[in-house]
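Per-entry structural report
Here is what each chain is made of, one letter per residue.
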Amino acid sequence: MSSHTAIEPSILYFGTPVVLLSTENEDGTFNLAPMSSAWALGRTVVLGLGRDGQTARNLRARPDLVINLPAPDQWPAVERLAPLTGRDPVPPTKAAGCRFEPDKFAAAGLGEEPSHVVRPPRVAECPLHLEARAERIRPDLSGDCVVVETTVLKIHAAPHLVVPGTHHIDPSAWSPLIYNFRHYFGLGPELGSSYRTQTPRTTAAVG
């Protein structure tokens, strides 16, 4: 007999990285939105977005974006963005307490840094930036969200995250901000490494 308990949680954010998406608005200004439904396969990053949000609207018309990855200690800035939307009026599908904010960078206390190959800016304070383009946008099975497949065009990393002389991120130096059932976490100590790792051994650990 199973010792597990059958449950019905309201959400399934079972430990996924937080990203900040910068996109271009219709008037040439920029939107910044937090989200935690992202995964990568090669140079493809798949995003899950609310159907009625400003980010989804922007990507349908202007597919360039930056996928910014914040560090764990930047969670307060992420949370300042959480109740904001770039849509005016606020869509009825948004959570109660959500309000319109035209300048989300300022509201979050974050700075803009020019991108190299796309128009939307990077978030200066984030340690990793992925300049990307949305190649395909489709509804999810529920109809409440959209699934966005993006191609990463250019990657920027803070120097302290890169293994010297390589293009590898040092996993002992990088910790993503994790959204774990609507609570924020960083990583704990390394437990081990995959046999497939290509990251050279550092003074700390293997990634």
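As a starting point, this report considers the structure included with it. (Residues numbered from 1 in each chain as written. Predicted model: local features only at pLDDT ≥ 70, side-chain atom pairs only at ≥ 80, totals over all residues. Heavy atoms only, no water.)

Things to note about the sheet that holds strand S3 (residues 30-35)
The 7 strands lie next to each other as S3-S2-S6-S11-S12-S5-S4, forming an open sheet whose pairing is antiparallel. Both edges of this open sheet fall to S3 and strand S4 (38-41), since each of them pairs with a single strand only. Going across the sheet, the axis of each strand differs from the next one's by a mean of 30°, ignoring polarity. The pairing of strand S11 (residues 128-139) with strand S12 (residues 145-157) spans 11 bridges and is classified as antiparallel. Paired with Ala132 across the strands is Val152, a residue of S12. Packing against the sheet, helix H1 (residues 54-61) makes contact with strand S2 (19-24), S3, strand S5 (44-50), strand S6 (64-69), S11 and S12, and its axis sits at approximately 50° to S2. (Pairing = 2+ DSSP bridges. Helix = DSSP H or I, 4+ residues; strand = E, 2+ residues; numbered from the N terminus. Axes fitted to C-alpha atoms, helices over the stretch in contact; angles between N-to-C directions. Contact = heavy atoms within 4.5 Å.)

Let's talk about a nonpolar patch on the surface
On the surface, a cluster of nonpolar side chains totalling about 350 Å² of accessible area is made up of Leu12, Phe14 and Phe181. Along the polypeptide, Leu12 turns up in the segment before strand S1 (14-17). Looking at Leu12, the relative accessible area reads 58%, which means it is exposed. (Patch = residues over 30% accessible without salt bridge, like charges linked within 9 Å, V, L, I, M, F, W, Y side chains within 5 Å. Areas by Shrake-Rupley, 256 points an atom, 1.4 Å probe, with all protein chains shown as cover. Salt bridge = Lys/Arg side-chain N within 4 Å of Asp/Glu carboxyl O. Buried < 20%, exposed > 50% of the residue type's maximum accessible area, 1.4 Å probe, protein only.)

Comments concerning the sheet that holds S1
With respect to topology, 3 strands assemble into an open sheet ordered S1-S13-S14, the strand pairing being antiparallel. With one partner strand each, in any of the chains shown, S1 and strand S14 (183-185) form the two edges of the open sheet. Strand after strand, the sheet turns through a mean of 30° between neighbouring axes, direction not considered.

What to know about the nonpolar core
Judged by nonpolar contacts, the single largest core of 22 residues is most densely connected at Leu21, Leu47 and Ile67. Broken down by secondary-structure element, the contributors of at least two residues to this core are S2, S5, H1, S6, S11 and S12. It is S11 that contributes the most residues to this core, 4 residues altogether. Beyond its immediate stretch of four places on either side in the chain, Leu21 contacts Asn31, Leu32, Ala33, Met35, Leu47, Leu49, Thr55, Leu65, Val66 and Ile67. Ranked by size, the runner-up nonpolar core spans 15 residues in total, among them Val18, Phe30, Phe105 and Ala108. (Core = buried A, V, L, I, M, F, W, Y, C linked by side-chain atoms within 4.5 Å.)

Focus on H1
Where H1 is concerned, the buried positions are Gln54, Thr55, Ala56, Asn58 and Leu59. Looking at the buried positions of H1, the neighbouring elements they touch are S2, S3, S5, S6, S11 and S12.

Structural notes on the pattern of salt bridges
Taken as a whole, this structure holds 6 salt bridges when the rule is applied. For Arg119, the salt bridge goes to Glu24, with nearest N and O atoms at 3.0 Å. Of this pair, Arg119 sits in the loop between strand S9 (112-113) and strand S10 (122-123) while Glu24 sits in strand S2; the two residues are 95 residues apart in sequence, bridging distant segments of the chain. Given the relative accessible area of 14%, Glu24 is considered buried. Here Arg99 and Glu101 are joined by a salt bridge, their closest N and O atoms 3.5 Å apart.

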